[in-house]
Amino acid sequence: MIATESLSKRFPRVTALDRLSVDIGAGVTGLVGANGAGKSTLIKILLGLSPATEGRAEVLGLDVATKGAAIRERVGYMPEHDCLPPDVSATEFVVHMARMSGLPPTAARERTADTLRHVGLYEERYRPIGGYSTGMKQRVKLAQALVHDPQLVFLDEPTNGLDPVGRDEMLGLIRRVHTDFGISVLVTSHLLGELERTCDHVVVIDGGKLLRSSSTTDFTQTTTTLAIEVTDSDGHPDGTRAVREELHARGVDTHAEAGGLPGAGHILLLTAEGDATYDLVRDVVADLGLGLVRMEQRRHHISEVFSSDEQRKEAVGHGG
Ligand SMILES: Nc1ncnc2c1ncn2[C@@H]1O[C@H](COP(=O)(O)OP(=O)(O)OP(=O)(O)O)[C@@H](O)[C@H]1O
């Protein structure tokens, strides 16, 4: 769907993109980076709206340097900032955008009704946009990006300014843009956690450079940390402690899982060193006459990709 090769964009004082080479396939892809990482700059280059300083890029097989208009016919774009006229209704605005992208009047009206229904704005479609909440405005922006039935949409920080419920609704809508309409999505966010749930693939950029590009499942692959939880018994009223002491006596150290959740202290974490560790835990629990409630490998979170760098860590959770 998208391919860039050593793509750079230099402004007089800052290099926004630095020799970025990445391939993005069909599906829902997250583009993650702290504020200023170069996400919006990349989208503008991919739409043919801003020339690259160096390197090349293709979208749907079309060169961004020469085929910008053809790309914009096939690609929808939801910009980051508020760009909606307050005194027209969602219907008027989205019909206008549909007409701008070449749809005849009847088709424009029909597609507008369909997309406004999809984004959950059907009831309010004749009200002026000026009276809409932030979440409703974001959904109008999403509708205008979808109205001409593009093959691909670029969504720039679609969850910006939304409360947690609004974020979840928007992420659900984005997922359905792909599952219901078969439209591929490139969605940017500075919040790593939300892309973990929504995207098939995640591209991480920092300072205009590619940090990582892989499927979401690779990001969340298993770690070597083993979590175990055991029952108590009459002989061992604190089964967790008994297991901990017995494992220690056999040369394996554990620590209790920290966290405010009830029962978190009953989960022991240890480093697994192959099947031998599993066998040892099973034997210890059996020898003590306890029940094994769980024994599982922990998984990574996407946010751990950033955990080595304080500056990036700060970006997690900030508005952009
Ligand atoms: N027109 C411009 N002129 C000069 N510098 C620019 C211009 N556009 C972007 N930049 C700079 O390029 C860098 C990347 O900006 P960009 O907007 O692409 O980041 P971003 O990842 O989208 O972050 P945000 O979510 O905050 O917009 C920033 O340092 C920004 O200040």
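This structure is a prediction, so every number in the text was calculated from the model and none was measured.

Analysis parameters
Residues numbered from 1 in each chain as written. Predicted model: local features only at pLDDT ≥ 70, side-chain atom pairs only at ≥ 80, totals over all residues. Heavy atoms only, no water. Salt bridge = Lys/Arg side-chain N within 4 Å of Asp/Glu carboxyl O. Helix = DSSP H or I, 4+ residues; strand = E, 2+ residues; numbered from the N terminus. Buried < 20%, exposed > 50% of the residue type's maximum accessible area, 1.4 Å probe, protein only. Phe/Tyr/Trp six-rings, centres within 6.5 Å; stacked < 30°, edge-to-face > 60°. Lys NZ or Arg CZ within 6 Å of the ring centre and 35° of its normal.

Per the counting criterion, the structure on display carries 16 salt bridges. Arg 175 is the salt-bridge partner of Asp 200, the closest N and O atoms lying 3.2 Å from each other. Here the residue Asp 200 occupies a position in the loop between helix H7 (192-198) and strand E9 (201-206), and Arg 175 occupies one in helix H6 (residues 164-181), the gap between them amounting to 25 residues. Overall, the relative accessible area of 35% leaves Asp 200 in the partly exposed class. Close ionic contact of Arg 250 with Asp 287 constitutes a salt bridge, the shortest N to O distance being 3.0 Å. Linking Arg 250 in the loop between helix H9 (239-249) and strand E12 (255-256) with Asp 287 in helix H10 (residues 275-287), this pair joins segments that are 37 residues apart in sequence. Judged by relative accessible area, which is 36%, Arg 250 ranks as partly exposed. Here the salt bridges share partners, and the residues they tie into one network are Asp 18, Arg 19 and Lys 209.

Glancing now at the packing of aromatic side chains. For the structure shown, the criterion picks out zero aromatic pairs. Note that Arg 125 overlies the ring of Tyr 122, its terminal NZ or CZ placed 3.7 Å from the centroid.

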